[in-house]
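Each chain, letter by letter, is given below.
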Amino acid sequence: MIIRYASKRNISVDNDMDFQYLPPYDSNGFDRLGDTGRRIKPTSQAAQRWESMSRGLALRTGIVGLLALAVTAAMACGAPAEQEPATSAPAAAQQQLPAATQAPAAQAPEQPTATTALAQPAGMSDRAAGGAAPTVAPAATAVPETTAGEPVQADLRVAITPPYAENLLGWRVGGTNQGILQPMQEALFQRDYQTWEAKPMLAESWSVSPDGKEWTFKLRENVPFHHEGDTFGVSDFVFSFQLWSHAEAKTGFGDFWHQILGPEGERQTWTADELGTAPTVTEVSDSEMVWNMNRPELWIPFYASEATTDPLIYSLDYWQTSGEEAYAASPVGTGPWQHVSYEQGAKLEYERAFDDHWRVNPDFETLTFFFAEEDLTRVAMLRAGEADIAEIPRELQGEIVNAGYAITQSTLPAFMVWIGIGGQYLEDRRDANDPNTNVLVRRAMNHAMDRDALNEAFFDNKMELMANTGWHPTDPSFDPAWEIPAYDPDLSRQLLQEAGYADGSGPSIEFMAGKLVGVPELTEVAVPMISWLEAVGFTVDAQIGEFQPIRTRYKAREMNSVLWTHRTGFWPAGRNMRVYFVSPSLAGAVYMYEDPYTEDLFGKWQNSVDEEERLNLMKDAGQYMYEQNATIPLGFLFAEFGMNPNVVAEYSVNNSYFGGMKGHEYTKVVRQ
Amino acid sequence: MQRFIFLRVIQSVLALLVISAVVFALARVTGDPVAILLPEDASPAVVEQVRSKWGLDQPIYVQYARYIGNFVTGDFGEAWAYGGVPITELIARRLPNTIVLAGFAWIISASIALPIGVMVAVKKDSAFDWAGKVVALIGQSAPSFAIGLILMWVFAVILGWLPTSGNDAGFKSIILPGVALGYYNVAAVMRLTRSSMLEVLDTEYVKLARIKGMPERKVIWKHCFRNALIVPFTYMGLIGAVLLTGSVVIETVFVWPGLGDLAIDAIRNRDFPVIQSIVILFAAFYIFINLAVDVAYAYLNPRIRY
């Protein structure tokens, strides 16, 4: 069978296909096109359901299409008024470049000094042990030039989708909402976004005891806050940890910090007198501290890094002298940018904080985030010259590139996307009749999916396909022998027969798909996947819409017989195991795969302080889950941003969810 | 008249109560806010802690009674998605922006619709009349966000005359969202003005004025227009409320930090207290303006008696 993808929403099937292997509609669940391209009503239940459910979406898409036509016609009348080439020759030359795509920028030149880094915890990324190269290489690139001379512009303006929750005290909103604060605040560690290794930030050097419970840190000295006479010290760290693990904190790793450094019992609030000191943290000097943790933990450089978003450093002195309300209104940190103003729901402004920041002096004098929910608004901002960098959805990137703007891509993936196979619970929630608990059925699901076709149709082949959900080739526990499940409908049918399902009467399952920030295509990719499942014999009840109902169900461990679309950031395998693939007893969060064997491995991994043992345990867990077809892996996606090459010479997008918010101290301005 | 006003106030309070119950119920049908607002890997203990703090572990009627009780005392509660910021503070910050936008859109509606309505009535069945109908049809049939995006691309991206979005470019900032928001109501007001004007133009006193040789301009603008205003005036009062409450999409498209934009964020985050507060506030606006228009109408039109 040959499937031709004319466009994302217009997929046709060649006439010479063998209908023996096809459902009455095309194998992608979309309209089947004949020789004339005439639209044929979809006959499958899934396709009809989708058509019904997506009517509203289609209407909106139609309107946007009309708009695009109108805009195209209007644009034919003239060039963008604000996009005159810069006066410099290089900039003018760049304006002429067709479809430029900027390279993943090189690692920022001003890196922290080397340290006496000791622990590189097992399970963290290590290129030396990193395994295979990515299946799909990042897009071809053209590196812009940075010339010496005066900057063409002092202000850097970035248009992003607004955070889910806004508060300038990040610990009160938690998670990725804290991304907008990262220009201003720093952490003990940072990640190297080329190698994913831990690097020092405010922790200058560190060491860990053999039992993994005692950590000694030498902090960077004389690092000033954006608050006169206030420098970073041990008490600021303790105060910050108290905020991360505060009873009202929404931080994702609040429990972790409470478990390793907090007092016994539930997370708590602190009185003013208690702030800045903790029994578990010994202050050797203002710049040296020893943690006597409640349990062993080797992943401190990961948990205490800015990559996890939570462990940002707050000023105790500023808090005590100004109070929480003033802190929230005008926050401070140690970063190269300092807060200037904030208009909720609209914009957040920073300016260069110091003439000589310990880490890096930004090229731009100011940095402003504009919060624009609508994709087309961000595109308009970029094209009107009101934004220099903008978050641009994949489907609109072509237009941006054609207009002379660049698309820049993260150095490592930003997202991992896959299909969860629900119902794989421990005995307390396991349903023996759930087809999802049968490994043959799960294998059949995996071989029913044409990942290459999805990649081409929805992701412009930019998705790095994944063999085993949770394991990227840069992870040391990744096995290069793992193979991406091949698209083989015949094998799927055969597996279903072996599983006890007669030909054509496969298992009944639900398929839930919901939109998630960063990967809006998740609802669209569900449609062909549902059709492929039906093509091999599954009966699928499709529910496509918001993600929130999905989350409510998996949190309640009520995903029996359900498949669902999911995405997360780019994390080490150990973190993915903990969040997605263990039960509540091991502090899991999504409960996508619970198995006594992997539970045992993960329990040992958590408690082990032997790096080699931890690595082997994680490898075993990965191998077992791979063999068990625990999920339907899809792939890794990179963060991509549109930028104006007349203003921005280089922008190193990191790999996180909030790439557009971080790292602008390293963004280079075009000079003339 | 006093009895009429008293009855209308009672009706308004009852309407608000019903709306509050509907909003309260609908907001909860949409799902669990804790699942949205906490990080994915938040522990069950934290989830329970937050649920308890927000009162979501209480029976639904207790939650409703507390909500109404707080509302009556002017305490809208805390915004869950904004880290506990008081909702009154959020609303106080955003409401002026919404009022400014709605007010400007109202002026746009009136300044386009009334003159065109008069002119198409005077030049009935002419090319001008048909052109006016087309303008009205476009305004009525095209969604305001579509109009907004087209305006944005033409005047901000292509011509570069106005900012695409935001509210920090002074008067320039409000032009595009104001026109996009106000244009939708042009059609209705224009057609009401037209039909009202046609009715007045056909009256005996207008014919008499013309027979007496009064200048046509004076006949139309002094004698006809003022008498024809009562119907569009009533409607213009109502669209004041519509504009205040209907700016949700436009505020989102133009990044206008008003209540509509806040409402969208709150809905996305299942921030029940914010959703409830904004909807009640919008409902109160609407009901109050309806009430005011009814009272004013009864006062202005002596034929109306209660």
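Residues numbered from 1 in each chain as written. Chains lettered and ligands numbered in written order. Predicted model: local features only at pLDDT ≥ 70, side-chain atom pairs only at ≥ 80, totals over all residues. Heavy atoms only, no water.

## Considering the overall build of chain B
The secondary structure content of chain B amounts to 15 helices and two strands. Across chain B, every contact between residues at least 6 apart in sequence was considered, and the portion connecting residues at least 24 apart equals 74%. About 14,000 Å² of surface is accessible on chain B, with carbon and sulfur atoms providing 69% of the total. (Helix = DSSP H or I, 4+ residues; strand = E, 2+ residues; numbered from the N terminus. Contact = heavy atoms within 4.5 Å. Areas by Shrake-Rupley, 256 points an atom, 1.4 Å probe, with all protein chains shown as cover.)

## Re the interface of chain A and chain B
In this complex, chain A contributes 61 residues to the contact, which on the side of chain B involves 55 residues. Summing the contributions of chain A and of chain B, the shared interface buries around 4,600 Å²; its carbon and sulfur component is 54%. Where chain A meets chain B, there are three salt bridges. For A:E248, the salt bridge identified is with B:K53, shortest N-O distance 3.7 Å. For the pair chain A and chain B, the number of links is seven residue pairs in polar contact (both at pLDDT 80 or more). Elements with a minimum of two residues in the side of chain A that touches chain B: α2 (55-75), β15 (366-371), α9 (375-383), α15 (548-555) and α16 (573-580) of chain A. (Buried area = accessible area lost by both parts, 1.4 Å probe. Salt bridge = Lys/Arg side-chain N within 4 Å of Asp/Glu carboxyl O. Polar contact = N/O pair within 3.5 Å; in protein donor to acceptor, adjacent residues only side chain to side chain.)

## Points about the packing of aromatic side chains
In the structure shown here, the tally under the stated rule is 46 aromatic pairs over all chains. With 5.9 Å between their ring centres and 90° between their planes, A:F302 and A:W571 make a pair best called edge-to-face. Here A:F302 is found in helix α6 (residues 300-303), whereas its partner A:W571 is found in the loop between β21 (562-568) and α16, with 269 residues between them in sequence. A:W571 carries the same exposure label as A:F302, and that label is buried. Ring plane angle 5° and centroid distance 4.6 Å describe the contact between B:F71 and B:F76, whose orientation is recorded as stacked. The positively charged end of A:R557 is found above the aromatic ring belonging to A:Y591, 5.9 Å away from the centroid. Just above the ring of B:F24 sits the side chain of B:R28; from NZ or CZ to the centre is 3.7 Å. (Phe/Tyr/Trp six-rings, centres within 6.5 Å; stacked < 30°, edge-to-face > 60°. Buried < 20%, exposed > 50% of the residue type's maximum accessible area, 1.4 Å probe, protein only. Lys NZ or Arg CZ within 6 Å of the ring centre and 35° of its normal.)

## Points about the layout of surface pockets
In this structure, the second largest pocket spans a volume of roughly 580 Å³. Lining the second largest pocket are 26 residues, with A:N167, A:A328, B:V85, B:E89 and B:R93 sitting closest to its centre. Elements that contribute at least two residues to the lining of the second largest pocket include exactly α8 (324-329) and β13 (337-343) of chain A together with β2 (85-86) and α5 (87-122) of chain B. Of the residues contributing to the lining of the second largest pocket, the split by class is nine nonpolar, six polar and 11 charged. Residue contributions to the lining of the second largest pocket reach at least three from each of two domains, namely domain 1 (148-154 + 339-405 + 644-672) and domain 2 (162-335) of chain A. (1 Å grid on protein atoms, 1.4 Å probe; cavity = no way out; pocket = protein on both sides within 12 Å on 5 of 7 lines; lining within 4 Å. Points joined across faces, edges and corners; volume = space filled by probe spheres on them. Nonpolar A, V, L, I, M, F, W, Y, C, P; charged D, E, K, R; others polar. Domains from an automatic or database assignment.)

## Concerning the pattern of salt bridges
Taken as a whole and judged by the stated rule, the model has 34 salt bridges over all chains. Residue A:E297 is joined to A:R295 by a salt bridge in which the shortest nitrogen-to-oxygen separation is 3.0 Å. Since its relative accessible area comes to 22%, A:R295 is described here as partly exposed. Between B:D261 and B:R94 there is a salt bridge, with the nearest N and O atoms lying 3.3 Å from each other. Here B:D261 is found in helix α14 (residues 259-269), whereas its partner B:R94 is found in helix α5, with 167 residues between them in sequence. The exposure class of B:R94 is buried, given its relative accessible area of 2%. Three or more residues are tied together by salt bridges with common partners; here these are A:R172, A:E248, A:E324 and B:K53.

## With respect to the pairing of strand β14 (residues 347-352) of chain A
Residues and elements named next belong to chain A. When β13 meets β14, the two strands line up antiparallel, connected through six bridges. Of the residues in β14, the one forming a bridge with E343 is K347. Connecting β13 to the next strand, β14, in antiparallel fashion are three residues, including G345 with a positive phi near 75°. (Pairing = 2+ DSSP bridges.)

## A closer look at the environment of B:G258
All names here are of chain B. Tracing the sequence through the fold places G258 in the loop between α13 (248-253) and α14. Along the sequence, G258 and L244 sit 14 residues apart, while their C-alpha atoms lie 9.9 Å from each other. The residues touching G258, leaving out its near neighbours within four places in the chain, are R94, N97, T98 and E251.

## Side note on a positive patch on the surface
Residue and element names in this part refer to chain B. A cluster of basic residues, R217, K218, K222 and R226, forms a positive patch at the surface. Topologically, K218 is positioned in helix α11 (residues 216-228). The class for K218 is partly exposed, based on a relative accessible area of 40%. (Patch = residues over 30% accessible without salt bridge, like charges linked within 9 Å, V, L, I, M, F, W, Y side chains within 5 Å. Lys, Arg positive; Asp, Glu negative; His and termini not counted. Charge placed at Lys NZ, Arg CZ, Asp CG, Glu CD.)

## A look at α9(A)
All names here are of chain A. The buried fraction of α9 amounts to eight of the nine residues, a majority that puts the element mostly inside the structure. Those residues of α9 not exposed but buried are L376, T377, R378, V379, A380, M381, L382 and R383. Note on α9: the residue one or two positions beyond its end, G385, has a positive phi of about 80°.

## Quick word on the side chain of A:E640
Relative to the helices and strands, A:E640 is located in strand β22 (residues 631-643). Residue contacts for A:E640: discarding those within four places in its chain leaves A:I392, A:R394, A:Q397, A:I407, A:T408, A:Q409 and A:K462.

## Re a negative patch on the surface
On the surface, A:D610, A:E611, A:E612 and A:E613 cluster together into a negatively charged patch. Structurally, A:E611 can be placed in helix α18 (residues 611-627).

## Let's talk about the nonpolar core
Counting 156 residues, the largest nonpolar core has A:L188, A:F237, A:W257 and A:W291 as the members making the most contacts within it. In terms of residue count, the dominant contributor to this core is strand β17 (residues 406-421) of chain A (nine residues). Excluding anything up to four places from it in sequence, A:W257 contacts A:F237, A:F241, A:W244, A:S245, A:G262, A:W291, A:Y303, A:A304 and A:P311. Counting 102 residues, the second-largest nonpolar core is a separate cluster that includes A:A380, B:L114, B:L149 and B:M152. (Core = buried A, V, L, I, M, F, W, Y, C linked by side-chain atoms within 4.5 Å.)

## Regarding the sheet that holds strand β10 (residues 214-219) of chain A
All names here are of chain A. Pairing is antiparallel across the open sheet formed by four strands, whose spatial order is β9-β10-β12-β11. Edge positions in the sheet fall to β9 (203-208) and β11 (281-285), since each of these pairs with one other strand and no more. Averaged over all neighbouring strand pairs, the angle between strand axes comes to 20°, with direction disregarded. Relative to strand β12 (residues 288-292), β11 runs antiparallel, the two sharing four bridges. By the bridge assignment for β12, T282 is matched with V290. Running over the sheet, helix α4 (residues 234-244) touches β10, β11 and β12 and is turned about 165° from β11. (Axes fitted to C-alpha atoms, helices over the stretch in contact; angles between N-to-C directions.)

## Here's the deal with empty space enclosed by the protein
The full count for this structure, using the stated rule, is eight cavities of 30 Å³ or more. By volume, the second largest cavity is sized at about 70 Å³. Class assignment of the residues belonging to the lining of the second largest cavity gives a composition of three nonpolar, two polar and five charged.

## Quick look at helix α7 (residues 144-158) of chain B
Residues and elements named next belong to chain B. Helix length check: α7 (15 residues) gives 20 Å between terminal C-alpha atoms against 21 Å at 1.5 Å per residue, within 8%. Where burial is concerned, most of α7 is hidden: 11 out of the 15 residues are buried. Listed in full, the buried residues belonging to α7 are S144, A146, I147, G148, L149, L151, M152, W153, A156, V157 and I158. (Expected span 1.5 Å × (residues − 1).)

## Section: the packing of α5(B) against helix α12 (residues 230-245) of chain B
A packed helix pair is summarised by two numbers, namely the angle formed by the two axes and the spacing between the axes. Residue and element names in this part refer to chain B. At a closest axis distance of 9 Å, the pairing of α5 and α12 adopts a crossing angle of 145°. In the packing of α5 onto α12, the handedness of the crossing is right-handed. From α5, T98, I99, A102, A105, W106, S109, A110 and L114 reach across to α12, where they touch P232, M236, I239, G240, L243 and L244. Split by residue class, the contact of α5 with α12 holds 11 nonpolar, three polar and no charged. (Left-handed = near helix turned anticlockwise from the far one by under 90°.)

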